[in-house]
Amino acid sequence: MNQDLILVINPRSIYTRVAIYENYNVLFLKDIMHPDQDLGRFSHYLEQVNYRRDKILSELDNNGICLDCIQAVVGRGGLMKPVKSGIYEINDAIVNDLKSAEFGDDYVNLGGILAKEIALLYPNLRSFIVDPVTVDEYHELARFTGHKDFEKKSIFHTLNQKAMAKRHAKALMRKYEEMKLIVVHLGSGISIGAHCHGSVIDANQALDGDGPFSPERTGSLPVGDLIRYCFNSGKSEAELLDMIHYRGGLFSYLGTYSALEVDAMVNNGDKKAEKVFEAMAYQVSKEIGAMFAVLNSEIDGIIITGGIANSRWFVNKIIDRVSNMGPVHVYPGVMELDSMAQITLSAIRGDEEILEYK
Amino acid sequence: MKTCTNHILVINPGSTSTKVAVFQGARSMFQQDIIHSEEDLASFDKIADQYEFRKNTIISVLKNNDIDLTCIEAVMGRGGLIKPVPAGVIEVDEKLKNDLRNSPIGEHASNLGGLIADDLANNIKGARAFIANPVVVDEFDNIARVAGHPLFERKSIYHALNQKAIAREYAQSHSIPYEEVNVIVAHMGGGITVGAHRKGRVIDVNQGLDGEGPFSPERSGHLPIGQIINYCFSGDYTEKEIRKMVTGKGGLVAYLGTNDTRDVLSRSLRGDDKAKLIYDAMAYQVAKEIGAMFTVLHGDVDAILLTGGIAHGQDFTNLIRERVHKLAPVFVYPGEDEMKALAKIGTRVLTGELKPLKY
């Protein structure tokens, strides 16, 4: 069965998650940690490519995994041109767009770059990305902001949202393409998508656009106040972008990125933590309500997923506000790796069309 | 000696017009919507500079219509952008005037209401000047104040006067006190605000002035914040220019060059696809905000009320209704009730039923 080994790479800010799948089973899974003293040498995540690549290679080597046996490498898809949902073979166009950061500057871009770098080392090793964060299935009304110079872009946790929605549909023995679902991804970023018959027709722009605040990000801020702040705070553009991307939300209020830590603070009676955590649930609920209207108030269910879905307190605060819209299903955690591996497997077996990025 | 009772003069300055009316109780005796042309207003740099111009226009309109002002006991001005206040009526004093002139949070035509009201009242023997339910009425639950970063806070700025008047009207017609109903009110005028009214208190509403919620004829509503930051630092625009994109030249004006929703509808009916799309998008965004407020009220909503000038357009209200009618019954109260609302509040003050607050 050696012919179907797949290496999966999902880079995060301070670690790189790698896995080897054989058929549909995980053979090996590891979070390769990148301590501060390592990452401190780099001023930008793009400079970390060789470092992270070598870390991955030596980790695999140490565990006796030979890359010669692997058929495909799949990386988490980053910020590129808007594309349709599916699997893409990594070509120069993808690598160039990820490296240029023209479509967004975030470490998620390392996924495709690392996959390609590793594939280049071995003949016949193919590399892919699946459902990058810029998958765009918006309907036309969702693109408007409130000014012609601004367009709302589709940037959200496509991979996990779709994987969870499909898993849910399968469990009900229904087709994802025939359901209307609201999917709530609760991770370091938070996105809420309106899934209408297999397409995500609207979602909050979870990177630097709108929606609820999250552990790392501010989400929407009052625009007038933000403009005044830009011109009068003395802060630089980079500082402000950093603030809304990585130093907003829970971190800015409570000094931690860990929602589960906040959950524990709440359990220990920390009133401030409770107020902030509840406000996050409040904003998530409001976004769910907005997507409910997008779907004409007719849905088959609400799916709550991501790491924070492990906090029962948090999830209950949401359910309390949205339960009369439809059944709520909670799937804690993410299945990004499973989904990437499965789709790649189907693709190299010829069961799934491989798309070309231009 | 005044022989007439409960005569009230009402002054309501909007972005492009000033409404003036005389009421006896809730009965309108005279009402005129004074339209200010763009050329007239263009010569003023700041809204506060329009004070003399608008005041003199009002005086001449009253004179031309032979309105006898000696009967007036109360002059009600629409309140403006001042410090957050409780719902109700406030007597105009120096402190209030000072904040109306130098708004602590931003300029708005309604700031002129209290100032002009005070000036007119000073020239009528025995008359007092008030403002009521200004846009800064603040009844937020604390949870609604959290933005997404401690440097920022969500503020309660909305069409409190009309929203409250319509919510009361709905409650009255259903023989329930306003203090016992849960309603979502969408006020759709030059700006659009959608408020969650829980038992007489507006516990959350999009900050419709500069930066939240749906776009409207003249305002952008929410814009993607990363791109806003990029714009601010691009060096291509001044702070004032960017703020103008948000308030004044956003929304329909930015997309289609008009702030007239009727004009957009007629263009779309004539086959202008772009106009149709943007008309639909505005309704879409209003519906999303209504959906959001539905969760604020835990899904326990007695009615959704659509009001304001845009609610005259049945095509528009139908687009919203399609998306939200399953949430709660939808009622349409087209137009604005602000003049009558101010007069009613004024009457309650003159009869001693309502005590004016001090600013």
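Computed from a prediction, not measured in an experiment: that's the story for all the values here.

Here's the deal with the overall build of chain A
Broken down by element type, chain A carries 12 helices and 12 strands. Taken against the 2.2 N^0.38 rule, which gives 21 Å for 358 residues, the C-alpha radius of gyration of chain A at 20 Å falls within 12% of a compact globule. Dimensions of chain A along its principal axes, counting C-alpha atoms only, are 55 × 50 × 50 Å. The proportion of buried residues among the 358 residues of chain A is 52%. Looking at chain A alone, contacts between residues at least 24 apart form 69% of all its contacts between residues at least 6 apart.

Examining the overall build of chain B
When helices and strands are tallied, chain B shows 12 helices and 11 strands. The C-alpha atoms of chain B give 20 Å as radius of gyration, which agrees with the globular expectation for 359 residues (21 Å, within 12%). Each principal axis of the C-alpha distribution contributes one length, and for chain B these read about 60 × 50 × 50 Å. Within chain B, residue pairs in contact and separated by at least 24 positions form 68% of the contacts whose partners lie at least 6 positions apart.

Remarks on the domain arrangement of chain A
Residue and element names in this part refer to chain A. Looking at the assigned domains, one finds that chain A contains domain 1 (2-135 + 336-355) and domain 2 (159-326). Just the C-alpha atoms count here: the centres of domain 1 and domain 2 sit 26 Å apart. Contact residues are listed per partner, giving nine residues for domain 1 and five residues for domain 2. Tallying contributions element by element places helix 12 (residues 336-348) first for the side of domain 1 that touches domain 2, with four residues. Looking at the side of domain 1 that touches domain 2 residue by residue, the class counts come to two nonpolar, three polar and four charged.

A closer look at the sheet that holds strand 6 (residues 128-132) of chain B
Sheet strands pair via backbone hydrogen bonds, and the direction of the pair is either parallel or antiparallel. Residue and element names in this part refer to chain B. Ordered in space as 3-2-1-4-6-5, the six strands form an open sheet in which the pairing is mixed. Strands with a single pairing partner mark the edges of an open sheet, and in this sheet they are strand 3 (27-35) and strand 5 (89-91). On average, each strand axis in the sheet is tilted by 20° relative to the strand beside it, whichever way the strands run. Summarising the sheet, strand 5 and strand 6 pair through three bridges and their orientation is antiparallel. Across the sheet, the residue bridging to Val89 is Ala132, located in strand 6.

What about the packing of helix 3 (residues 94-101) of chain B against helix 4 (residues 111-122) of chain B?
All names here are of chain B. The interhelical angle for the contact between helix 3 and helix 4, taken along N-to-C directions, is 135°, at an axis separation of 8 Å. With respect to each other, helix 3 and helix 4 are oriented oblique. Note that helix 3 runs across helix 4; the crossing there is left-handed. In this structure, helix 3 uses Leu96, Lys97, Leu100 and Arg101 to contact helix 4, whose residues at the interface are Asn111, Gly114, Leu115 and Asp118. Here the contact of helix 3 with helix 4 is composed, by residue class, of three nonpolar, two polar and three charged.

Structural notes on the domain arrangement of chain B
Residues and elements named next belong to chain B. One can read the domain layout of chain B as domain 1 (7-136 + 338-350) and domain 2 (142-328). On a C-alpha basis, the centres of domain 1 and domain 2 stand 24 Å from each other. Contact with domain 1, which involves 15 residues of that partner, is made by 13 residues of domain 2. Of the residues contributing to the side of domain 1 that touches domain 2, the split by class is eight nonpolar, five polar and two charged.

Observations regarding the pairing of strand 11 (residues 330-334) of chain B
All names here are of chain B. With five bridges connecting them, strand 10 (residues 303-308) and strand 11 associate as parallel partners. Following the sheet pairing, Gly308 is matched in strand 11 by Pro334. Note that the unit made of strand 10, helix 11 (residues 314-324) and strand 11 has a crossover that is right-handed.

Brief notes about the confidence of the model for chain B
Interpretation of this model should avoid reading the predicted coordinates in detail wherever pLDDT is low. Counting all residues, the mean pLDDT for chain B is 93, and 99% of those residues have values of 70 or more. With pTM at 0.91, the complex prediction returns an ipTM value of 0.92.

Thoughts on the interface of chain A and chain B
Taken together, the contact between chain A and chain B spans 56 residues of the former and 57 residues of the latter. Only helix 6 (223-232), helix 7 (237-246), helix 8 (249-254), helix 10 (271-294) and helix 11 (312-322) of chain A provide two or more residues apiece to the side of chain A that touches chain B. It is helix 10 of chain A that contributes the most residues to the side of chain A that touches chain B, 12 residues altogether. When grouped by side-chain class, the residues that make up the side of chain A that touches chain B number 27 nonpolar, 17 polar and 12 charged.

Focus: the packing of helix 10 of chain A against helix 10 (residues 273-296) of chain B
Two numbers describe how helix 10 of chain A lies on helix 10 of chain B: the axes approach to 7 Å, and their chain directions differ by 135°. In this view, helix 10 of chain A runs oblique relative to helix 10 of chain B, as classed from their interaxial angle. The interaxial crossing formed by helix 10 of chain A with helix 10 of chain B has right-handed handedness. Contacts between helix 10 of chain A and helix 10 of chain B involve Ser285, Lys286, Ile288, Gly289, Ala290, Phe292, Ala293 and Val294 of chain A from the former and Ala287, Lys288, Ile290, Gly291, Ala292, Phe294, Thr295 and Val296 of chain B from the latter.

Digging into the environment of Cys71 of chain B
Residue and element names in this part refer to chain B. With respect to the helices and strands, Cys71 occurs in the loop between helix 2 (51-64) and strand 4 (72-78). Accessibility expressed as a C-beta count within 10 Å gives 20 for Cys71, which makes it buried. Along the primary structure Cys71 and Val286 are separated by 215 residues, whereas in three dimensions their C-alpha atoms are 43 Å apart.

Quick word on the sheet that holds strand 9 (residues 199-203) of chain A
Residues and elements named next belong to chain A. Spatial ordering of the open sheet is given by 9-8-7-10-11, a layout of five strands whose pairing is mixed. In this open sheet, the two edge strands, each paired with only one partner strand, are strand 9 and strand 11 (328-332). Neighbouring strand axes in the sheet, compared pairwise and without regard to direction, differ in orientation by 25° on average. Of the strand pairs in this sheet, strand 8 (residues 190-196) and strand 9 are connected by four bridges, and their pairing is antiparallel. Each residue of the ladder has a partner; that of Ala194, found in strand 9, is Asp202.

The rules we used
- Residues numbered from 1 in each chain as written.
- Chains lettered and ligands numbered in written order.
- Predicted model: local features only at pLDDT ≥ 70, side-chain atom pairs only at ≥ 80, totals over all residues.
- Helix = DSSP H or I, 4+ residues; strand = E, 2+ residues; numbered from the N terminus.
- Rg over C-alpha atoms; globule rule 2.2 N^0.38 Å.
- Buried ≥ 20, exposed ≤ 12 C-beta atoms within 10 Å, placed from the backbone.
- Contact = placed C-beta atoms within 7 Å.
- Domains from an automatic or database assignment.
- Nonpolar A, V, L, I, M, F, W, Y, C, P; charged D, E, K, R; others polar.
- Pairing = 2+ DSSP bridges.
- Axes fitted to C-alpha atoms, helices over the stretch in contact; angles between N-to-C directions.
- Parallel < 35°, antiparallel > 145°, perpendicular 65-115°, else oblique.
- Left-handed = near helix turned anticlockwise from the far one by under 90°.
- Right-handed = clockwise from strand over helix to strand, strands pointing away.
- pLDDT = per-residue confidence, 0-100.

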